[in-house]
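Reading the structure
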Amino acid sequence: MSKWLAFDDTLELPLNFVQSKTFPDELLAFRDFGKPTQVIQTHARTIDGLPITAPTYVNEFWTAKQRAAHSLHEVSYRACFKPALPRFFIERLTVSGEIVYDPFMGRGTTLIEAALIGRIPAGCDVNPLSAVLVRPRLNPPALKDIEKRLKTINFSSATEIPKDLLVFYHPETLRQIVSLKNYLLRQPALDPIDDWIRLVALNRLTGHSAGFFSVYTLPPNQAVSLKSQRKINERRKQVPPRRDVPKLILKKSKQLLQDCLPGDRAALARIARRAMLLTRTSDHTPELRSNSVALVVTSPPFLDVVDYASDNWLRCWFLGIDAKNVQLTIPRKLDAWQQAMTAVFRELHRVLKPGGHVAFEVGEVGAGGAIKLEQAVLPCGIAASLQPLLILINDQKFTKTANCWGVDNNSKGTNTNRVVLFQKK
């Protein structure tokens, strides 16, 4: 049993929760997808052993549709939430011009969504790939400018290619990739167009369709090892086909930019100048002013479920980064995870405005259902002097919500969004 947390579903002595004046009422009245909101109770204990009872609101609060968001979000990254999640909180808990922050920004879903609706985005991630994926989409170039720049790049200039990567690529495709890599690394600083081309190239390195540079492999949010790819090739009796790198970059750019109307571009251009992207651990962010952030929407690393460094080794190669030097924090025990999250919460308390909120999404249950991370995160926020308000469970048709929630929808808690909402008093 963790010294941080004990579970007891018979607890009846709640901590005195201070409710938001309107947000819980809005959750109760929510009927956008035709279902009433259910209210249940989540029980846990503080670090000191005091009982906690948090009101928990269960409904389908945002759509499960894959293509319901702005086209700028269509960048693959492991374990990212849908844009509808941050929008749900941003629209209800902030006003235009306020800062919305994600301390584990990943592919930047929270930041892009915040910028699109007039909030100032701020993000932090120890993974250096995050800023590369986010920054270009806050200031997207015009398609005609991308096409013009691609025509100036010599995609056949590479004289040597890494032959071990031929397991993924046709020799001429790999020559184009290496030529582009060398071109980008030679630039003393990337302008918005080259920054965009780098982003799209990263997103096209490997995948499972003809829209990617590689032969068929795993979906584009991760890269398998060379050994694993050889096995895939043998099993599928496949050889890497010839791909046209600049053509595919332009095609993906068109897809990403299809929703970028002139108004979107103007708004993003204004906001991009004020955006802050940090590459560091999120428990120490001196660049962010105290009492400056209106809302945090984030999803942290979950124990040892995702190995970001292994997933991104090929992307790191393209960027000229040694993946072994990227020290990502992925705790493998619940105690260590809670300690790491408490340190982050203390920093969030510093940067939040009085009255500001933290929407902390903890995704699926862990360890086969034995660990409910929403229960585990409650004592972390309390230890950092944040006030828990409620837990929101987004329950959709494709999900299987756990029996412990009292929801009649199968038996195993997977594929649900569970968000613990805190407030700084």
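Residues numbered from 1 in each chain as written. Predicted model: local features only at pLDDT ≥ 70, side-chain atom pairs only at ≥ 80, totals over all residues. Heavy atoms only, no water.

Turning our eyes to something else, we now look at the nonpolar core. Counting residues in hydrophobic clusters, the biggest one holds 91 residues, and the most contacted among them are Leu-180 and Phe-345. Once residues within four sequence positions are removed from consideration, Phe-345 is found in contact with Val-358, Phe-360, Val-377, Cys-380, Gly-381, Ala-384, Leu-386 and Phe-422. By size, the runner-up hydrophobic cluster in this structure holds 23 residues, among which are Phe-23, Leu-85, Phe-89 and Val-419. (Core = buried A, V, L, I, M, F, W, Y, C linked by side-chain atoms within 4.5 Å. Buried < 20%, exposed > 50% of the residue type's maximum accessible area, 1.4 Å probe, protein only. Contact = heavy atoms within 4.5 Å.)

With that settled, consider the side chain of Ser-179. As for its placement among the helices and strands, Ser-179 is situated in helix H6 (residues 171–186). A polar contact is formed between the side chain of Ser-179 and the backbone oxygen of Phe-155, at a distance of 3.3 Å. Residue contacts for Ser-179: discarding those within four places in its chain leaves Asn-154, Phe-155, Ser-156, Ser-157 and Ala-158. (Helix = DSSP H or I, 4+ residues; strand = E, 2+ residues; numbered from the N terminus. Polar contact = N/O pair within 3.5 Å; in protein donor to acceptor, adjacent residues only side chain to side chain.)

Considering every residue of the chain, the mean pLDDT works out to 87; 85% of them sit at 70 or more. Below pLDDT 50 for its whole length, residues 1–20 participates in 59 contacts with residues either more than four positions away or in separate chains. With pLDDT under 50 throughout, residues 398–414 is counted as low confidence; its partners more than four residues away or in other chains account for 42 contacts. (pLDDT = per-residue confidence, 0-100.)

A word on H6. Compared with an ideal rise of 1.5 Å per residue, which puts 16 residues at 22 Å, H6 spans 22 Å between its outermost C-alpha atoms and is within 8% of the ideal. Along H6, the residues classified as buried are Thr-173, Leu-174, Gln-176, Ile-177, Val-178, Ser-179, Leu-180, Lys-181, Tyr-183 and Leu-184. Buried residues along H6 sit against helix H5 (143–152), helix H7 (192–204), helix H9 (245–257) and helix H12 (313–319). (Expected span 1.5 Å × (residues − 1).)

Next up on the list: the pattern of salt bridges. Where charged atoms from two side chains of opposite charge approach closely, those side chains can pair. Enumeration over the complete set of coordinates arrives at 13 salt bridges. The salt bridge partner of Arg-87 is Glu-113, with a shortest N-O separation of 2.3 Å. Of the two residues, Arg-87 sits in helix H2 (residues 84–93) while Glu-113 sits in helix H3 (residues 109–116), which places them 26 residues apart along the sequence. On the basis of relative accessibility, which here comes to 26%, the residue Arg-87 falls in the partly exposed class. Asp-195 is paired through a salt bridge with Arg-198; the nearest N and O atoms lie 3.1 Å apart. (Salt bridge = Lys/Arg side-chain N within 4 Å of Asp/Glu carboxyl O.)

This paragraph deals with the packing of H2 against H3. Running from amino to carboxyl end, H2 crosses H3 at an angle of 45 degrees, the nearest separation of the two axes being 9 Å. The angle between H2 and H3 places the two elements in the oblique class. The handedness of the crossing between H2 and H3 is right-handed. Two secondary-structure elements touch here, H2 through Pro-86, Arg-87 and Ile-90 and H3 through Thr-109, Thr-110, Glu-113 and Ala-114. Classifying every residue of the contact of H2 with H3 by side-chain character gives 3 nonpolar, 2 polar and 2 charged. (Axes fitted to C-alpha atoms, helices over the stretch in contact; angles between N-to-C directions. Parallel < 35°, antiparallel > 145°, perpendicular 65-115°, else oblique. Left-handed = near helix turned anticlockwise from the far one by under 90°. Nonpolar A, V, L, I, M, F, W, Y, C, P; charged D, E, K, R; others polar.)

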